[in-house]
Amino acid sequence: MTHTFRNRKRPRFRNTPGAADHRELKVAPGAAATTYSVMAYGPDGLVEKKLPSLNEVIRLQEAYPVVWLDVAGFADMALIKKIGERFGIHHLVQEDIVRTHQRAKLEDYPDALFIVARMAPILDQEDTEQLSMYLTGNCLITFQEFPGDDLDGVRKRIQTKRGRIRSEGPDYLTYAIIDAVLDAYFPLVDSYGEAIEKLEDTLVFLTDRNMLGEIYGIRRKLLELRRSLWPHRELLGNLYRGESPLIKPETLIFFRDCYDHTVQLNDLMENYRELSSNLMEVYLSSVSNRLNEVMKVLTIISAIFIPLTFVAGVYGMNFRPESSPWNMPELLSYYGYPICILVMLLIAIAQIYFFWRKGWLRGKDQTEKKLTTSVPEIELAGKKSLPRTARR
């Protein structure tokens, strides 16, 4: 799926606690410039226009079965208010549209449906984007934070008259948009699954502090995606179980299909979150194994040098052989120094041989070879112990 790049500098702000219910809509810092376009279509025709007048949109509503007004960017708040007044959008709904921290939800009004969905992050962006949909009559109005989205596939289906979208109403267009939004999550979630598999393969042989940061990063992103996706399950459940006159009964089955997609996505993310937690355990186990290997080497070195240090300490004592025949007479030996070195060397060799016989100095390849060669023997022994009927 090809994504359109958009700079997502989050222009989010919240209201002051205790503020009045009726608040003036304000432009958020960093809001994108407002652009809008319209697609009016039916089985026999299609009209596409950029920056049409609102009166023209009203005329298209009278001439075509379905009108899709797409608004991107909230820098022109006067235009947002004008659209709200022209199509009867409640002030609280307008506020939810421009306050882009909303969770996915459905609000049912007597003559309209207000739906909020979260679009998947694109490229290296971390935050999801709010997509607000207002369905009234034969018109669907979508509000996006930024230009560019994952809805090009829906537009091409309308333009090329592919599928059944041109012969359906605005409720099917609502389904197609929500379905495209959910489908954009699948490659993103799959990319996290591939990253987890690569980390798992790498952690078996290599442990690095950077990997710990990658594991935490994946877990955090999966948690953010889960927060965005989980409310879609309730949203779509209410849609396909609802009784809104704006949604035809034959369209409800398509919303149920979207509901299945949300369940699948949430299950995938739960599995990947569990795998990322297991990766943390694998990382800690690998670090512990490396520490054990280091401690093993240091322990062996210390064990070798303990008797050598004892010998060197004994012969380092300040005894005078001329004072008594018991005061280390071997210090006067002509070959005393090479004999002492030779004895220490023999002690070290004997210890190394002892450690090797115990298997403490054997490499990983020998251990794995020993394990693989012992498995068939165990299987054969088990087969020999089975009764004849069991062998058959």
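All values reported here derive from a predicted model rather than from experimental measurement.

S.K.: Could you clarify how one ought to interpret the sheet that holds strand β7 (residues 139–144) in this entry?
M.R.: Strand pairing in a sheet is mediated by backbone hydrogen bonds. Such pairs are either parallel or antiparallel. Strand order in the open sheet formed by 7 strands is β2-β1-β3-β7-β6-β5-β4, with mixed pairing between adjacent strands. Of all strands in the sheet, those bounded by a partner on one side alone are β2 (45–50) and β4 (105–109). Strand-to-strand twist across the sheet, computed as the mean angle between neighbouring axes with direction ignored, equals 15 degrees. As paired strands, β4 and strand β5 (residues 112–119) are joined by 5 bridges and run antiparallel to one another. Opposite Tyr 109, over in β5, you have Ala 112 as the bridge partner. Taken strand by strand, helix α5 (residues 170–183) contacts β1 (35–42), β3 (66–72), β5, β6 (129–136) and β7, and its axis lies near 170 degrees from that of β6.

S.K.: Sorry, what's going on with the side chain of Gln 94 here?
M.R.: Structurally, Gln 94 is set in helix α3 (residues 91–98). Looking at Gln 94, the relative accessible area reads 7%, which means it is buried. A polar atom in the side chain of Gln 94 sits 2.9 Å from the backbone oxygen of Ile 89. In this structure Gln 94 touches Leu 25, Ile 80, Lys 81, Gly 84, Glu 85 and Ile 89, once residues within four positions along its chain are discounted.

S.K.: I would appreciate a short explanation of the pattern of salt bridges in the present structure.
M.R.: Oppositely charged side chains can form a pair if their charged atoms are brought close together. Overall, the coordinates contain 11 salt bridges when judged by the stated rule. Across the pair Lys 49 and Glu 56 runs a salt bridge, and its minimum N-O distance is 2.0 Å. Overall, the relative accessible area of 35% leaves Lys 49 in the partly exposed class. The partner of Glu 168 in a salt bridge is Arg 164, and the shortest N-O contact between them spans 2.9 Å. You can call Glu 168 buried: its relative accessible area is 14%. Here the salt bridges share partners, and the residues they tie into one network are Asp 70, Asp 149, Asp 152 and Arg 155.

S.K.: Sorry if this is basic, but what is going on with α5 here?
M.R.: Every α-helix winds through 3.6 residues per turn, so residues three or four apart in the chain are directed the same way. Helix length check: α5, at 14 residues, gives a terminal C-alpha distance of 20 Å against a target of 20 Å (1.5 Å per residue), a fit within 8%. Counting buried positions along α5 yields 13 of 14 residues, so the element is predominantly enclosed.

S.K.: Would you mind going over the pairing of β5 with me for this structure?
M.R.: Where a strand is regular, its side chains alternate between the two sheet faces. With 8 of its 8 residues buried, β5 lies for the most part within the structure. Side-chain alternation along β5 places Ala 112, Phe 114, Val 116 and Arg 118 on one buried face and Leu 113, Ile 115, Ala 117 and Met 119 on a second face that is also buried. Adjacent in sequence and paired antiparallel, β4 and β5 are bridged by 2 residues. Of the strand pairs in this sheet, β5 and β6 are connected by 7 bridges, and their pairing is antiparallel. Within β6, the residue paired with Arg 118 across the bridge is Gln 130.

Definitions and limits used
- Residues numbered from 1 in each chain as written.
- Predicted model: local features only at pLDDT ≥ 70, side-chain atom pairs only at ≥ 80, totals over all residues.
- Heavy atoms only, no water.
- Pairing = 2+ DSSP bridges.
- Helix = DSSP H or I, 4+ residues; strand = E, 2+ residues; numbered from the N terminus.
- Axes fitted to C-alpha atoms, helices over the stretch in contact; angles between N-to-C directions.
- Contact = heavy atoms within 4.5 Å.
- Buried < 20%, exposed > 50% of the residue type's maximum accessible area, 1.4 Å probe, protein only.
- Polar contact = N/O pair within 3.5 Å; in protein donor to acceptor, adjacent residues only side chain to side chain.
- Salt bridge = Lys/Arg side-chain N within 4 Å of Asp/Glu carboxyl O.
- Expected span 1.5 Å × (residues − 1).

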